[in-house]
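Report on the structure
This is what each chain is made of:
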Amino acid sequence: MANVYGISVALLRPLAELLGRLDIDSAAFLDGLGIDAGATPNTYIAGALVDARLDELARKRGDPAFALTLARAAVVRPLGLFGHMVWLSGTVRDAITRAVKFYAMVTSRATLTLDETTPRATLRQHSVPGASYSKTLTEFAFASLALRARGATGGKFALAAVSFTHAGDPSARARYRAVFGAPVEFDAAIDELAFEVDQLDLALATADEVTSAALETTISKLTTAQPRSVLVDRVRRTVATNLGGAESYASVAGKLGTSARSLRRHLEHEGQSLRSVVDELRRERADELLGAELPIKEVAFALGFSEPSAFSRAYKRWTGKAPRLGRVK
């Protein structure tokens, strides 16, 4: 599949809820991004589209530091599964380490690194080459971390310096200083939070390691799943309702309200085809049915194959092994 440089539905849904707390129409926000009720958490929305929506909201509110407004509102409770996993950790180090490890759950266009070099530690965000950059979401991520770490340590956590690669608004500099409690540099070489390394050992009052570990298991599965675009996600959900039937570009396009030609072109842009989507769904469903110990003949017919031998050949093409070896022991 083509690279999906964007923001995940796993982040955008709780972000929409956060916008709702600021009297912004959360349903309209999701609808504008093409996110419907069935969108899966590992669906990624083009980053440039998300940025445009957030920039538009900032302009309408006349808020040059909209990211800081969002971060202050988010302190009430962590944002989604990712936020809960991070801030239920035992220490600041545990929280940041988890954020670094699982950042892909919320964005596929940037990564985080933590450098614990004494005497200062640095948390850096690195943009993926070719991906768009977000001023609002970068500031939101850093400001949320600063505010929540400060609150969860009884005010002990303190930053030494903050830097952003984008330009700043002079009229909002006092707000940045109030949120971060440290000098903030704009037009810098890298997006970075710097703090004394011993800050990493501060205990978090919000700690619940048992729950955090359980969430980490769930999030691990989400971050290892193949990221999908909105289109591929919708095609999958449409096809999944009729795996035993014979779907065509025309039939699927009709259900999606588009043309067969347009659907084919967009799937090709994603590095996909209707057959590849159908094959992937059939393989996933085959593994489920084989794991439930259904006879191979029943599995074949459930997936729309005319003969068990045709299913066996397809399964071997998908996995490199015969279907009987796909059974759960």
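In what follows, the accompanying structure is described. (Residues numbered from 1 in each chain as written. Predicted model: local features only at pLDDT ≥ 70, side-chain atom pairs only at ≥ 80, totals over all residues. Heavy atoms only, no water.)

**Some words on the sheet that holds strand S5 (residues 161–163)**
Spatially, S3-S4-S7-S5-S6 is the arrangement adopted by the 5 strands of the open sheet, whose pairing is mixed. Looking at strand neighbours, the two that pair on one side only are strand S3 (110–115) and strand S6 (184–185), the edges of this open sheet. Pairing between S5 and strand S7 (residues 191–196): 3 bridges, direction antiparallel. For Ala161, the partnering residue across the bridge sits in S7 and is Ala194. Helix H6 (residues 92–101) rests against S3, strand S4 (120–127) and S7 of the sheet, and its axis sits at about 145° to S3. (Pairing = 2+ DSSP bridges. Helix = DSSP H or I, 4+ residues; strand = E, 2+ residues; numbered from the N terminus. Contact = heavy atoms within 4.5 Å. Axes fitted to C-alpha atoms, helices over the stretch in contact; angles between N-to-C directions.)

**A few points about the nonpolar core**
With 76 residues, the main nonpolar core has Leu12, Phe29, Phe66, Phe82, Leu159 and Phe180 as its most contacted residues. At 9 residues, the largest contribution of residues to this core is made by helix H7 (residues 135–152). Aside from chain neighbours lying at most four places away, what touches Phe29 is Leu12, Leu15, Ala16, Leu19, Arg53, Leu54 and Leu57. Counting residues in each nonpolar core, the second largest holds 25 residues, with Val235, Leu267, Phe311 and Trp318 among its members. (Core = buried A, V, L, I, M, F, W, Y, C linked by side-chain atoms within 4.5 Å. Buried < 20%, exposed > 50% of the residue type's maximum accessible area, 1.4 Å probe, protein only.)

**Let's talk about the packing of aromatic side chains**
Going through the model one piece at a time under the given rule, you end up with 9 aromatic pairs. Ring-pair connections join several aromatic residues into one group, and the members of that group are Phe142, Phe164, Tyr176, Phe180 and Phe186. Above the face of the Tyr249 ring, Arg264 is positioned so that its terminal group lies 4.0 Å from the ring centre. (Phe/Tyr/Trp six-rings, centres within 6.5 Å; stacked < 30°, edge-to-face > 60°. Lys NZ or Arg CZ within 6 Å of the ring centre and 35° of its normal.)

**Some points on the side chain of Asp51**
With respect to the helices and strands, Asp51 occurs in helix H3 (residues 47–61). Among the polar contacts made by the side chain of Asp51, one reaches the side chain of Arg109 at a distance of 2.8 Å. Among residues more than four places away in sequence, those in contact with Asp51 are Arg109, Ser132, Tyr133, Ser134 and Leu137. (Polar contact = N/O pair within 3.5 Å; in protein donor to acceptor, adjacent residues only side chain to side chain.)

**Overview of the pattern of salt bridges**
Per the counting criterion, the structure on display carries 23 salt bridges. Linking Arg236 and Glu280 is a salt bridge whose minimum nitrogen-to-oxygen distance equals 3.0 Å. One end of the pair, Arg236, is in helix H10 (residues 230–240); the other, Glu280, is in helix H13 (residues 274–291), and 44 residues separate them in sequence. When salt bridges that share partners are traced, they join Asp36, Asp233, Arg234 and Arg237 into one network. (Salt bridge = Lys/Arg side-chain N within 4 Å of Asp/Glu carboxyl O.)

**Considerations on the environment of Arg283**
As for its placement among the helices and strands, Arg283 is situated in helix H13. A relative accessible area of 27% places Arg283 in the partly exposed class. For the pair Arg283 and Glu139, spaced 144 residues apart in sequence, the C-alpha to C-alpha distance is 41 Å. The residues touching Arg283, leaving out its near neighbours within four places in the chain, are Trp318 and Thr319.

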